[in-house]
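Results of the structural survey
Single-letter residue listing:
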Amino acid sequence: VQLQASGGGLVQAGGSLRLSCAASGRTFSTYVMGWFRQAPGKEREFVAVINWSGDTTYYADSVKGRFTISRDNAKNTVYLQMNSLKAEDTAVYYCASRGGGRTYLSRFQHEYLYWGQGTLVTVSS
């Protein structure tokens, strides 16, 4: 599985961005997908996760109510809509896949097998 994240950029506080993560492989629709982020000087942290069908999602408390994870299995793509962005959302954002046969919606990065290259989001205050 190869993952390609895109959509990052520079945005003012209060603005919005939508990240995309395109996946290769015909079994994408069976995978739990997650977004993580790593801010400068900090460890990578969980942001959001979505199940295979898109009807179950979980979020980190820090983004709940502002970010929305979704997926389009026909396009092999998962999205992260980010609204009301804050300076503390500045980070490199990574999409990740748990791979086949793993249905638990994990918040732990060590439980994800495949990772995208990351896309930088910079929020100016």
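Position numbers for residues start from 1 in each chain and track the written sequence from start to end. Given that the model is predicted, a residue must reach a pLDDT of at least 70 before its local features are reported, and side-chain atom pairs must reach 80 or more before they are shown or counted; all residues, however, enter totals for whole chains, interfaces and linings. With hydrogens and water stripped out, all remaining heavy atoms of the structure feed into the side-chain values.

A few points about the state of the cysteines
As a reminder, the rule being used: When the sulfur atoms of two cysteines come within 2.5 Å, that pair is taken as a disulfide. Strands are runs of DSSP state E lasting at least two residues, helices are runs of H or I lasting at least four, and both sets are numbered from the N terminus onward. Partly exposed residues are those whose accessible area sits between 20% and 50% of the maximum for their type, while under 20% is buried and over 50% is exposed, using a 1.4 Å probe and protein chains only.
Enumeration over the complete set of coordinates arrives at one disulfide. Here Cys21 pairs with Cys95 through a disulfide, and the sulfurs are 2.1 Å apart. Judged by the torsion about the S-S bond (65 degrees), the Cys21/Cys95 disulfide is right-handed. Remark: Cys95 occurs in strand β9 (residues 91–97) and Cys21 occurs in strand β3 (residues 17–23); sequence separation between them is 74 residues. The class for Cys21 is buried, based on a relative accessible area of 0%. For Cys95, a relative accessible area of 0% corresponds to the buried category.

A word on the pairing of strand β8 (residues 77–82)
So the rule is basically this: Strand pairing is defined by DSSP finding a minimum of two bridges between the two strands.
Counting buried residues in β8 gives five out of six residues, a clear majority hidden from the surface. Strand direction decides the pairing type here: β3 and β8, joined by six bridges, are antiparallel. Paired with Leu19 across the two strands is Leu80, which belongs to β8. The pairing of strand β7 (residues 67–72) with β8 spans six bridges and is antiparallel. Its bridge partner being in β8, Ser70 is matched across the sheet by Tyr79. The hairpin turn running from β7 into β8, its antiparallel successor, is four residues long, and Asn76 in that turn takes a positive phi close to 55 degrees.

A few points about the pattern of salt bridges
The cut-off we apply is this: Throughout this description, the term salt bridge denotes a Lys or Arg side-chain nitrogen within 4 Å of a carboxyl oxygen of Asp or Glu.
Under the defined criterion, the tally for this structure stands at four salt bridges. One network of salt bridges, with partners in common, ties together Arg37, Glu45, Arg66 and Asp89.

Describing the sheet that holds β7
What counts, and what does not: Note on definitions: angles span 0 to 180 degrees between N-to-C directions of axes, and those axes are lines fitted to C-alpha atoms, for helices only across the stretch in contact.
Across the sheet, which stays open at both edges, the four strands sit in the order β1-β3-β8-β7 with antiparallel pairing between neighbours. Of all strands in the sheet, those with a lone pairing partner are β1 (3–6) and β7, marking the two edges. Direction aside, neighbouring strands of the sheet carry axes that sit 15 degrees apart on average. In this structure, β1 lies alongside β3, joined through four bridges in antiparallel fashion. Bridging across to β3, Ser6 finds its partner in Ser20.

Treat this as a map of the structure, not an account of what it does.
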